[in-house]
Amino acid sequence: MKYTFDFGWLLDYYPQIVKGIGVTLELIAIGGILGIALGIFCAWVRALGPKWLRPPVATYVELIRNTPFLIQLFFIFFGLPSLGLQLSELSAANIAMVVNLGAYSCEIIRAGIQATPKGQFEAGASLAMTRFETFRHVVLVPSLQRIWPALSSQVVIVMLGSSVVSQIAAEDLTFAANFIQSRTFRAFEAYMVSTVIYLVLAILLRQVLVIGGNFIFPRRSVR
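The residue numbering used here restarts from 1 in each chain and proceeds along that chain's sequence as written. In keeping with the model being predicted, local features are shown solely for residues with a pLDDT of at least 70 and side-chain atom pairs are shown and tallied solely at 80 or more, while totals for entire chains, interfaces and linings include all residues. Water and hydrogen atoms were dropped before computing side-chain values, which therefore reflect all heavy atoms in the structure.

J.: Break down empty space enclosed by the protein for me, citing the residues and quoting the values.
T.: Note on definitions: the grid is 1 Å and covers protein atoms alone; a cavity is a set of points where a 1.4 Å probe fits but cannot get out; a pocket is an open set with protein on both sides within 12 Å along at least five of seven lines; lining residues have an atom within 4 Å of a point. Grid points are joined across faces, edges and corners, and a volume is the space filled by probe spheres set on the points. Per the stated rule, a full pass over the model turns up one cavity of 30 Å³ or more. Space inside the largest cavity adds up to approximately 50 Å³. In terms of lining, the largest cavity is formed by Trp9, Ile17, Leu173, Ala176, Ala177, Ile180, Ala190, Val193, Ser194 and Ile197. Sorting the residues of the lining of the largest cavity by element identifies helix H7 (173-184) and helix H8 (187-216) as the ones contributing at least two each. What counts as a helix is a DSSP run of H or I of at least four residues, what counts as a strand is a run of E of at least two, and both are numbered from the N terminus.

Shown next as structure tokens:
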């Protein structure tokens, strides 16, 4: 069978593509920043925090890391309204991204904390710092420096995984591709374009994270 490629629809549907890219970027910006912040807090609790807080945080981490992201998304969007918490598609997608990345980044950051030499903790204690102050001023930055490449890769993975938010009608890039193919019946071309855009976004995001890492940790380049 001879197949003729046709990308003429790009001119008609580029607003949907641009909107989808914008929503995807919003998801990764909010999910990345808040997810890493949540991961730092959870890593501190699991490694150095109060013992009474460790079990619930450990339960959260294991629950998220051992269940599909799509199920988590459905639970937030379809399940929470039964408890009286109604969320928009984009709000549910943002919360799901933060919760998911927070759990995965927690374990990555905790590995960096556990690799910290004991002498640094002892140095903090000798300066009369609390455990939290030692973590904040002595341990956190070197720990992040150690695991930054792994953390960057996880952020990229979560960005690519955000494509499933189209299942709750959040108008991301995959939603735009689905919409276009349903109107043009050019599924191959629609998904080819979205694949290329995701590839470019992933490469650019990785480079942004590398540059950000080199800015945050200037004494050692991050690759």
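J.: Help me get a handle on the pattern of salt bridges, residues and values and all.
T.: Note on definitions: salt bridges are taken to be side-chain nitrogens of Lys or Arg within 4 Å of carboxyl oxygens of Asp or Glu. What the rule picks out here adds up to five salt bridges. Between glutamate 171 and lysine 19 there is a salt bridge, with the nearest N and O atoms lying 2.6 Å from each other. Highlighted residues: glutamate 171 in the loop between helix H6 (131-161) and H7 and lysine 19 in helix H1 (residues 10-47), separated in sequence by 152 residues. In this structure, glutamate 189 engages arginine 186 in a salt bridge whose closest nitrogen and oxygen atoms are separated by 2.7 Å. Accessibility classification places glutamate 189 together with arginine 186 in one group, the buried group. When a residue's accessible area, from a 1.4 Å probe over protein chains only, is under 20% of the maximum for its type it is buried; when over 50% it is exposed; and in between it is partly exposed.

J.: Help me get a handle on the state of the cysteines, residues and values and all.
T.: What makes a disulfide is a covalent bond joining the sulfur atoms belonging to two cysteines. Two cysteine sulfurs form a disulfide in these notes if their separation is within 2.5 Å. Under the definition given, this model contains zero disulfides. Distance from the sulfur of cysteine 42, which forms no disulfide, to the nearest cysteine sulfur (cysteine 106) is 5.0 Å. What makes cysteine 42 buried here is its relative accessible area of 4%.

J.: Talk me through the packing of aromatic side chains; I want residue IDs and the actual numbers.
T.: Working definition: rings of Phe, Tyr and Trp (its six-membered ring) pair if their centres are within 6.5 Å, and the pair is stacked with planes under 30 degrees apart, edge-to-face with planes over 60 apart, and tilted otherwise. As enumerated under the stated definition, the model contains eight aromatic pairs in all. When the ring of tyrosine 13 is compared with that of phenylalanine 179, the centres are 6.2 Å apart and the planes differ by 70°; the resulting orientation is edge-to-face. Taken together, the residues span a long stretch of sequence, with tyrosine 13 in helix H1 and phenylalanine 179 in helix H7 at a distance of 166 residues. Judged by relative accessible area, phenylalanine 179 falls into the partly exposed class, the value being 25%. Three or more aromatic residues link up through ring pairs in this structure, and these residues are Phe5, Phe7, Trp9 and Phe188.

J.: I'd like a rundown of the layout of surface pockets, residues and numbers included.
T.: Volume-wise, the largest pocket comes out at about 250 Å³. If you trace the largest pocket, you find 15 residues lining it, with Ile28, Val155, Leu205, Val208 and Leu209 closest to the centre. Among the secondary structure elements, those contributing two or more residues to the lining of the largest pocket are H1, H6 and H8. Along the lines of polarity and charge, the residues of the lining of the largest pocket split into 13 nonpolar, two polar and no charged. Residues are sorted three ways: Asp, Glu, Lys and Arg are charged, Ala, Val, Leu, Ile, Met, Phe, Trp, Tyr, Cys and Pro are nonpolar, and all the rest, Gly among them, are polar.

J.: Got a sec to walk through H6? Specific residues and values, please.
T.: Here the expected length of a helix is defined as 1.5 Å per residue gap, with one fewer gap than residues. The terminal C-alpha atoms of H6, which comprises 31 residues, lie only 36 Å apart, well short of the 45 Å expected from a rise of 1.5 Å per residue. A residue's bend is given by the angle between axes fitted to the 7 residues ending at it and the 7 residues starting at it. Remark: the principal bend of H6, roughly 60°, maps to tryptophan 148, with a proline, proline 149, within the next four residues.

Honestly, that's just the spatial picture; any functional story needs more than this.
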